[in-house]
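# Summary of the model geometry
Each chain is listed here by its residues.
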Amino acid sequence: MTYPMGSGLGLRQEHLATLIDDGVPDAIDFLEIAPENWMAHGGRKRQQLHALLQQRPFVAHGLSLSIGSSDPLDEAFAEDIARFLDKHHIALYSEHLSWCSANGHLYDLLPLPFTEQAVEHVAQRVQRVQHILGRRIALENTSFYMAAPHSSMDEASFIRAVLETADCDLHLDINNVFVNSVNFGFDPYQYLQALPTERIVYMHTAGHFREAEDLVIDTHGAEVVDEVWRLLDFSYQQFGIFPTLLERDFNIPPLAELLPEIQYIKHLQQQVTAKTAKLAP
């Protein structure tokens, strides 16, 4: 199985009827789902999912694996994910480089301490998940608002160490880079170049809420801002073209209002592809 290319959109209940009744618009090359939101569904929901799977490839982005938690890894849950991915022929699965459980789910993505001990802990869990799934996974750089204590390295170095030790891939969220750069006062372009960009397989972009000059909240509830578009374009030019998803999880408008942003992702990709073709011997 190969990964989809182009520009995509997260599948939301608000758009489900439109996508089923009118078909998936040409601008959308793939759809993303959270497996845990669909694994238990049967009947009409399963039929709707099957109908969309006939139109576009899907990618899966998990919400609750809690790869960095100190709780025991939920291997039964990982096995359920494996069956779901295999059943629906979904090649790409990503999760957050964070934790969201401590004797039960906390329903929030919390930052890890950037330490060698955390690197080894997460890497061992990733390797076990990859064994259960029978495929590589991609870990997403997350947004956060308070750094975990006792860190001994910066975020980019921590991500590199985890991915190299676990031998897994990078799901690069461009908006999260921007959010953290404002909240923690670093250069997002230098940060991008410090990541293990050779491991990128997937990208996200999204909007956010500017609470203050030095505080950005990662809401996925607004249009993508110019600074984030520029970071995405820079990433394409520096690291190559990868399947890229527009996230919209809050304040969700009609599907037609999201299409210009999806088309702009495609436009940026096409510009870089054309430039590369001109430079080829």
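Anything mentioned here points back to the structure above.
Right, let's walk through the structure included here.

With that settled, consider helix 2 (residues 43–53). Taken residue by residue, helix 2 has Gln-48, Leu-49, Leu-52 and Leu-53 as its buried positions. For helix 2, the angular spread of the buried residues around the axis is 140°, confining them to a single face. When the buried face of helix 2 is taken as reference, the exposed residues oriented beyond 90 degrees from it are Arg-44 and Gln-47. Of the surrounding secondary structure, the elements contacted by the buried residues of helix 2 are helix 1 (13–22), strand 2 (30–33), strand 3 (58–61) and helix 3 (75–87).

Here we take up the sheet that holds strand 2. Spatially, 1-2-3-4-7-8-9-12 is the arrangement adopted by the 8 strands of the closed barrel, whose pairing is parallel. If you compare each strand with its neighbour and ignore which way they point, the axes differ by 30° on average. Note that strand 9 (residues 200–206) and strand 12 (residues 244–247) share 4 bridges and pair parallel. Residue Met-203 lies in a different strand from strand 12, and its bridge partner there is Thr-244. Along the sheet, helix 9 (residues 255–279) makes contact with strand 1 (7–10), strand 9 and strand 12, crossing strand 1 at roughly 145°.

One pass over the full model with this rule turns up 1 cavity of 30 Å³ or more. Here the largest cavity defines a volume of roughly 70 Å³. Lining the largest cavity, in full, are Leu-97, Pro-111, Leu-112, Phe-114, Glu-140, Asn-141, Thr-142, Phe-144, Glu-155, Phe-158 and Ile-159. Tallying contributions element by element places helix 5 (residues 155–166) first for the lining of the largest cavity, with 3 residues. Of the residues belonging to the lining of the largest cavity, the class tally is 7 nonpolar, 2 polar and 2 charged.

On to the nonpolar core, then. Counting residues in each nonpolar core, the largest one holds 77 residues, and the members touching the most others are Phe-58, Leu-139, Phe-158, Leu-172 and Leu-192. Of all hydrophobic cores here, the second largest spans 7 residues; its members include Val-59, Leu-92, Tyr-202 and Leu-245.

Turning our attention to the packing of aromatic side chains. Counted under the stated rule, the structure contains 8 aromatic pairs. Aromatic side chains Trp-229 and Tyr-264 sit 4.8 Å apart centroid to centroid with 80° between the ring planes, which places their arrangement in the edge-to-face category. Here the residue Trp-229 occupies a position in helix 8 (residues 226–239), and Tyr-264 occupies one in helix 9, the gap between them amounting to 35 residues. Owing to a relative accessible area of 10%, Trp-229 belongs among the buried residues under this scheme. We classify Tyr-264 as partly exposed; its relative accessible area is 34%.

Definitions and limits used
Residues numbered from 1 in each chain as written. Predicted model: local features only at pLDDT ≥ 70, side-chain atom pairs only at ≥ 80, totals over all residues. Heavy atoms only, no water. Buried < 20%, exposed > 50% of the residue type's maximum accessible area, 1.4 Å probe, protein only. Helix = DSSP H or I, 4+ residues; strand = E, 2+ residues; numbered from the N terminus. Arc of directions from axis to C-beta. Contact = heavy atoms within 4.5 Å. Pairing = 2+ DSSP bridges. Axes fitted to C-alpha atoms, helices over the stretch in contact; angles between N-to-C directions. 1 Å grid on protein atoms, 1.4 Å probe; cavity = no way out; pocket = protein on both sides within 12 Å on 5 of 7 lines; lining within 4 Å. Points joined across faces, edges and corners; volume = space filled by probe spheres on them. Nonpolar A, V, L, I, M, F, W, Y, C, P; charged D, E, K, R; others polar. Core = buried A, V, L, I, M, F, W, Y, C linked by side-chain atoms within 4.5 Å. Phe/Tyr/Trp six-rings, centres within 6.5 Å; stacked < 30°, edge-to-face > 60°.

Interpretation in functional terms is not warranted from these geometric data alone.
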